[in-house]
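The lines below spell out each chain.
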Amino acid sequence: MRPDTPPPSASPSPSTTQAAATPWHALGADETLRMLGTQVHGLSSDEACARLARHGPNRLAEAKPPSAWARLARQFDNLLLYVLMAAAAVTALMGHWVDTGVIMAVVVLNAVIGFVQEGKAERALQAIRHLLAPHAVVLRDGRQHDVDAAELVPGDIVLLASGDSLPADVRLLQARNLRVDEAALTGESVPVDKRVEPVAADAAIGDRLCMGYAGTLVTQGQARAVVVATGNATEIGRIGKMLESVEQGTTPLLAKMAGFGRTLTFVILAAAAALFAFGLLVRGMPAAEVFMAAVGLAVAAIPEGLPAIMTITLAIGVQRMAQRHAVIRRLPAVETLGSVTVICSDKTGTLTRNEMTVQQVVCAGQTVDVEGAGYAPDGALKLDGAVLAPADLARRAPALAALAEVAALCNDASLHETDGRWTLAGDPTEGALLTLAMKAGLNPAELKVERARLDVIPFESEHRFMATLHADGGGAVALVKGAPERVLAMCATELDAQGRELPIDAARWHAAVEAQARAGRRVLALARRTLPAGKEDLDHPDVAQGLTLLGLVGIIDPPRDEAIEAVAQCTAAGIRVVMITGDHGVTASAIAAQLGIGEGLQAVTGPELEAMDDAAMREVVRTARVFARASPEHKLRLVRALKANGEVVAMTGDGVNDAPALKQADVGVAMGMKGTEAAKQAGAVVLADDNFASIAHAVEEGRTVYDNLKKTVTFLLPINGGESMALLVAVLAGVALPILPAQILWVNMVSSVALAMVLAFEPTEPDVMRRPPRAPDEPLLSRFLVWRIVFVSALFLGGIFGMYEWALAQGASVEAARTVAVNTLVCMEVFYLFSVRYLKAPSFTWQGVKGTPRVLAAVAGVFVLQLAFTYAPFMQTLFRTEALALATGAAIVAVGVALLVVLELEKTLLRRLGALRA
Ligand code: ATP
């Protein structure tokens, strides 16, 4: 057996476990490493590469997509197409072969359009999926690397932390308070406590405590583990379950429109039947002719292209959001984003740059300024304007020297220099502390080897401190850093300027914290405690009291420039921005002022929130904009209170404990870079760049999508309205049809679709972020839009009939008069498109008249098609059209221009009357 080949027993399901070999969960940790040909510090990169070539990427084979033929066939399964196919069958029976041909051509065209659009929407989602690819922290060549989870191979050593999704099947080597939610695999909703000891060979999946399975979630703790199976060899791969990273489906609006479409189809069929009866019985028209009129009515009134165009509009919106770094995981979010009234955002890294630099250190009654910016260790420490040389530190500022040591050792980050540039691996707060230690003359990397860490209490937002245990001379010492009020409460003494321990003067320190926070600095307190020799593990009680405070550090994390701009945009758009942070209240208020969230705001703190009942909380969230020292549970309560007040809430989150708040929010926004897998799975939107500005962009795009959906509907419905009214009037009045059914199909399927498609791509209107948010229950068709649809339908009716009668009066044949009517309809559509592009704003602007390249291309395309329709002999046979004189063409264009003018006058009038609010 090759050393890296898993034993046959790697298949962990008991039913397939071979009795002869021991399954991974029954093997000891060392034995597992030996079998996998690896070591605790990981594989070499070369070996990992070789194994990757052998085992293939750690990815589940995707289910084969349905074949193109199957997808095309599916397009025919549609109520509208059934109606059309039935009409085609009847016209064929009646021997109207041309009509049959045209109707069938429309059926096929409709299916092809649906097919192409579905493909486009699918590709748009596909392009987004890779942005959500999971990552893993792996040890290779003895160093930590953050790799794409697809690159993992059996034998890799991975590090797991709370919030991670397990990237592969693993055997645990070390685990600290590790709890894993295995619901995805076992259905068990309570997280399981994991251990490293082997279990019985016949243990069921849920009982294999020393194993972790791909796709399950770490809810707490940390672990080191060795990968035993990847890709399809994993348990989840074997049961063939796909973990969807982008959920598909529809949005409430599209579902409503689909329902509306179905009802409309039935109503229209009933109306067509009534028309047939009326024509036959009352007017005594020949059955064949009145049947064609009924078919005409049905095809005229049904908005054939609408559902497809609405779907594509949404897909384009999703794609645009992805280009602006907001990845939509749940489609309804696209709509909800447009009506968001409150955005609750984390501070660090989202509103601020997360580039931390220590600016001041306060210790032993002295304030030391730290020069330099970023992670490069260039910059002097200055006390009262005089440089403190690192060599003198131990003598002149012993407390500072001790503090620098804690900064270097109680730290999980590392800094690397390449070509003079310093990059950070790990938490930025810790990176800032490493830089400080280096400016104080220490070499953290060497120091970490010299003073090896015996144990650690990792930093968690819940307890807000971190502690490490080290050997110290003959004894042991615990080094602690964390939020000042937390650490101060654990301290009994402080170090003075000569390095002596004195009882702590808590009031003076609290004042110093306050002063740092007021300058907008993030404050950490650093402390230590000597422990008895022989101590090997560290627990909370060991550091809960008796610590010696060494000092405070004040760290700046400047606001992102684009966040300042985005906050202003949101405010203009009627959206309140609320900052929720784990940081100190005063720091948070100072940063809020810099961001423009509000001047002189008093932060509401976590403990204050805890003292409030739900009613008090609802009152507070009406106005409060800064919440500090807040934990994930507070976020959940805040979302609930805001929603109870009728707000539509977007909430950001990154930690595993943020998942409930993300799910509860109307739009959960997870951080793509620093967010945990748990948060990403809970979010409806994932930000690829963790930037607040991207949320504002997503809101803007969400509003644009909604506008464009409105425009599409407002554009298409009056065309159907005008056409069907023209037919109805003709039958009721007992005159010849001004437009034939086949001609109506031509208009609906060719020019209308080509023109309406433009609306899916319409750019954002300039005032989008200057209007208040849309009420979530606002109907797509407001009273204004219903009026507009009825009004324009009437104008279309007037245009079609007016020009038809005018042509007849000029002595034209019925065929020529119908050709005039169809061309008038299409020409009016073109001008109506220019009007609809700005629902409320004037269209007679340079911007409006010049259109976009897409608009112009669509108009040119439609023009060429109409020329063919009118002059090409085969079209003349097919659609019974006749060539028109140039002067007639000019008259047709004049009608189009007149329509635009009338609609502009209507906009002006309604604007004067103040009715253009909707
Ligand atoms: P948010 O991302 O929600 O805006 P945050 O990142 O500032 O907030 P936390 O990371 O929960 O909030 O940090 C809260 C406090 O814990 C900080 O103000 C700081 O005092 C302390 N702290 C932060 N990081 C560490 C760390 N790595 N070790 C010890 N203490 C830390």
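This is a predicted model, so every value here is computed, not measured.

## Looking at the packing of aromatic side chains
Next, step 1: Taken as a whole and judged by the stated rule, the model has 8 aromatic pairs.
Next, step 2: Centre to centre, the rings of Trp746 and Phe869 are 5.2 Å apart; their planes meet at 15°, and the pair counts as stacked. Placement of the pair is Trp746 in helix H27 (residues 741-760) and Phe869 in helix H31 (residues 853-871), with a sequence separation of 123 residues.
Next, step 3: By relative accessible area, which is 8% here, Trp746 ends up buried.
Next, step 4: With relative accessibility at 0%, the residue Phe869 sits in the buried group.

## Quick look at the packing of helix H13 (residues 398-409) against helix H14 (residues 428-439)
Next, step 1: Between H13 and H14, whose axes approach to 8 Å, the crossing angle comes to 135°. It follows that H13 is oblique to H14 by the angle criterion. The handedness of the crossing between H13 and H14 is left-handed. Within the contact between the two elements, H13 uses Leu403, Ala404, Ala407 and Ala408 and H14 uses Leu433, Leu434, Leu436 and Ala437.
Next, step 2: In the contact of H13 with H14, the residues fall into 8 nonpolar, no polar and no charged.

## Quick word on the site of the ligand
Next, step 1: Around the ligand sit 20 residues in total, of which Lys347, Thr348, Asp427, Arg522 and Asp583 are the nearest.
Next, step 2: Note that a nitrogen atom of the ligand is positioned 3.2 Å from one of the side-chain N or O atoms of Glu430.
Next, step 3: Here Arg629 contributes a side-chain N or O atom positioned 3.2 Å from an oxygen atom of the ligand.
Next, step 4: Within the residue set of the shell around the ligand, elements represented by two or more residues are strand S18 (475-482) and strand S21 (522-531).
Next, step 5: No other element matches S21, which puts 3 residues into the shell around the ligand.
Next, step 6: Taken domain by domain, the makeup of the shell around the ligand includes at least three residues from each of domain 2 (337-352 + 561-697) and domain 3 (357-556).

## As for the sheet that holds strand S8 (residues 326-328)
Pairing between the strands of a sheet comes from backbone hydrogen bonds, and it takes one of two forms, parallel or antiparallel.
Next, step 1: Across the sheet, 8 strands lie side by side as S8-S28-S27-S26-S9-S23-S25-S24; this open sheet has mixed pairing. At either end of the open sheet lies a strand with only one pairing partner, and these are S8 and strand S24 (604-605).
Next, step 2: The pairing of strand S23 (residues 576-580) with strand S25 (residues 626-628) spans 2 bridges and is parallel. Across the sheet, the residue bridging to Met579 is Val626, located in S25.
Next, step 3: Sitting on the sheet, helix H20 (residues 585-595) is in contact with S23 and S25, with an inclination near 150° to S25.

## Things to note about the pattern of salt bridges
Next, step 1: Following the criterion strictly, the structure yields 39 salt bridges and no others.
Next, step 2: With its nearest N and O atoms 2.6 Å apart, the salt bridge here joins Arg837 to Glu762. With Arg837 in the loop between helix H29 (814-836) and helix H30 (846-850) and Glu762 in the loop between H27 and helix H28 (783-809), the pair connects residues that are 75 residues apart, well separated along the chain.
Next, step 3: The exposure class assigned to Glu762 is buried, which follows from its relative accessible area of 2%.
Next, step 4: Several salt bridges share partner residues, and in doing so they unite Arg320, Arg324, Glu700 and Glu701 into one network.

## Side note on the side chain of Asn708
Next, step 1: Mapping Asn708 onto the fold places it in helix H26 (residues 692-733).
Next, step 2: Engagement of the side chain of Asn708 in a polar contact is seen with the backbone oxygen of Leu759, the distance being 3.4 Å.
Next, step 3: Setting aside residues no more than four positions away along its own chain, Asn708 makes contact with Thr313, Arg320, Leu759, Ala760 and Glu762.

## Some words on unusual backbone geometry
Next, step 1: Even without being glycine, His325 reaches a positive phi, approximately 75°.
Next, step 2: Judged by relative accessible area, His325 falls into the partly exposed class, the value being 37%.
Next, step 3: For Arg629, which is not glycine, the phi dihedral falls at a positive 45°.
Next, step 4: Tracing the chain through its elements places Arg629 in the loop between S25 and helix H23 (632-644).
Next, step 5: In this structure Arg629 comes out as buried when scored by relative accessible area, which is 9%.

## Quick look at the domain arrangement of the chain
Next, step 1: The domain architecture assigned to the chain consists of domain 1 (24-62 + 132-245), domain 2 (337-352 + 561-697), domain 3 (357-556) and domain 4 (700-913).
Next, step 2: A straight line from the C-alpha centre of domain 2 to that of domain 3 covers 30 Å.
Next, step 3: Each side of the interface is counted separately: domain 2 has 15 residues, and domain 3 has 12 residues.
Next, step 4: Buried surface at the junction of domain 2 and domain 3, summed over both partners, amounts to about 1,000 Å²; 47% is from carbon and sulfur atoms.
Next, step 5: One salt bridge in this structure joins Asp583 and Arg522, with 2.9 Å as the shortest N-O distance.

## Concerning the environment of Ile309
Next, step 1: Tracing the backbone through its elements, the reader meets Ile309 in helix H10 (residues 306-323).
Next, step 2: Separated by 403 residues in the primary sequence, Ile309 and Thr712 have C-alpha atoms spaced 7.6 Å apart.

## Some remarks on the pairing of strand S14 (residues 414-418)
Looking down a regular strand, the side chains alternate between one sheet face and the other.
Next, step 1: Bridge count between S14 and strand S15 (residues 421-425): 5 bridges; the pairing is antiparallel. If you follow His416 over to S15, its bridge partner there is Thr423.
Next, step 2: In sequence, S14 turns back onto S15 through a hairpin of 2 residues, with Asp419 there showing a positive phi of about 50°.

## Things to note about the nonpolar core
Next, step 1: The biggest cluster of nonpolar side chains holds 141 residues, and the ones touching the most others in it are Leu84, Ile343, Met579, Val685, Phe692 and Phe715.
Next, step 2: Per element, the largest residue contribution to this core is 18 residues, and it comes from H26.
Next, step 3: Counting contributing residues per domain, this core is built from domain 2 (337-352 + 561-697) and domain 4 (700-913), each supplying no fewer than three.
Next, step 4: If we skip the residues at most four places from it in the chain, Met579 touches Ser345, Lys347, Leu351, Ala588, Ile591, Ala592, Leu595, Ile597, Arg625, Val626 and Phe627.
Next, step 5: Leu400, Ala408, Leu409 and Val456 belong to the second-largest nonpolar core, a separate cluster that totals 38 residues.

## Looking at a nonpolar patch on the surface
Next, step 1: On the surface, a nonpolar cluster with roughly 680 Å² of combined accessible area is contributed by Phe844, Trp846, Val849, Val893, Val897, Val901 and Leu905.
Next, step 2: Elements supplying a minimum of two residues to the nonpolar patch: H30 and helix H33 (886-913).
Next, step 3: It is H33 that provides the largest number of residues to the nonpolar patch, a total of 4 residues.
Next, step 4: Note that Trp846 resides in helix H30.

## As for the packing of H28 against H33
Next, step 1: H33 packs onto H28 with a crossing angle of 155° between their chain directions and a minimal axis gap of 11 Å. Put simply, H28 runs roughly antiparallel to H33. Handedness of the H28/H33 crossing: right-handed. Contacts between H28 and H33 involve Phe784, Trp787, Arg788, Phe791, Val792, Leu795, Met803 and Trp806 on the former and, on the latter, Thr888, Ala891, Ile892, Val895, Leu899, Val902, Leu903, Glu906, Lys907 and Leu910.
Next, step 2: A per-class count over the contact of H28 with H33 returns 14 nonpolar, 1 polar and 3 charged.

## Remarks on the state of the cysteines
Next, step 1: This structure, assessed with the given rule, holds 0 disulfides.
Next, step 2: Of the cysteine sulfurs around Cys410, a residue in no disulfide, the closest is that of Cys491, at 13 Å.

## Quick look at the confidence of the model for the chain
Next, step 1: Of the residues in the chain, 94% reach a pLDDT of 70 or more, and the chain-wide mean stands at 87.
Next, step 2: A low-confidence stretch, residues 1-20 stays under pLDDT 50, and its non-local contacts, those more than four residues away or across chains, total 41 contacts.

## Description of the side chain of Arg771
Next, step 1: Of note, Arg771 is situated in the loop between H27 and H28.
Next, step 2: One polar contact links Arg771 to Asp707, side chain to side chain, over a distance of 2.8 Å.
Next, step 3: Contact partners of Arg771, with chain neighbours within four places excluded, come to Ala573, Gly574, Arg703, Asp707 and Glu765.

## Re the pairing of strand S17 (residues 465-472)
Next, step 1: Extensive coverage of S17 is indicated by the burial of 6 of its 8 residues.
Next, step 2: Judged from the 8 bridges that link them, S17 and S18 form a sheet pairing that is antiparallel. The residue of S18 that forms the bridge with Thr468 is Leu479.
Next, step 3: With antiparallel pairing between neighbouring strands as the criterion, S17 and S18 make up a hairpin whose turn holds 2 residues, including Gly473 at a positive phi of roughly 60°.

## Focus: the environment of Gly851
Next, step 1: Here Gly851 lies in the loop between H30 and H31.
Next, step 2: Remark: the alpha-carbon pair of Gly851 and Glu762, spanning 89 residues in sequence, is separated by 9.8 Å.
Next, step 3: In contact with Gly851, not counting residues within four places along its chain, are Phe834 and Arg837.

Definitions and limits used
- Residues numbered from 1 in each chain as written.
- Predicted model: local features only at pLDDT ≥ 70, side-chain atom pairs only at ≥ 80, totals over all residues.
- Heavy atoms only, no water.
- Phe/Tyr/Trp six-rings, centres within 6.5 Å; stacked < 30°, edge-to-face > 60°.
- Helix = DSSP H or I, 4+ residues; strand = E, 2+ residues; numbered from the N terminus.
- Buried < 20%, exposed > 50% of the residue type's maximum accessible area, 1.4 Å probe, protein only.
- Axes fitted to C-alpha atoms, helices over the stretch in contact; angles between N-to-C directions.
- Parallel < 35°, antiparallel > 145°, perpendicular 65-115°, else oblique.
- Left-handed = near helix turned anticlockwise from the far one by under 90°.
- Contact = heavy atoms within 4.5 Å.
- Nonpolar A, V, L, I, M, F, W, Y, C, P; charged D, E, K, R; others polar.
- Near = heavy atom within 4 Å.
- Polar contact = N/O pair within 3.5 Å; in protein donor to acceptor, adjacent residues only side chain to side chain.
- Domains from an automatic or database assignment.
- Pairing = 2+ DSSP bridges.
- Salt bridge = Lys/Arg side-chain N within 4 Å of Asp/Glu carboxyl O.
- Buried area = accessible area lost by both parts, 1.4 Å probe.
- Core = buried A, V, L, I, M, F, W, Y, C linked by side-chain atoms within 4.5 Å.
- Patch = residues over 30% accessible without salt bridge, like charges linked within 9 Å, V, L, I, M, F, W, Y side chains within 5 Å.
- Areas by Shrake-Rupley, 256 points an atom, 1.4 Å probe, with all protein chains shown as cover.
- Disulfide = S-S within 2.5 Å.
- pLDDT = per-residue confidence, 0-100.

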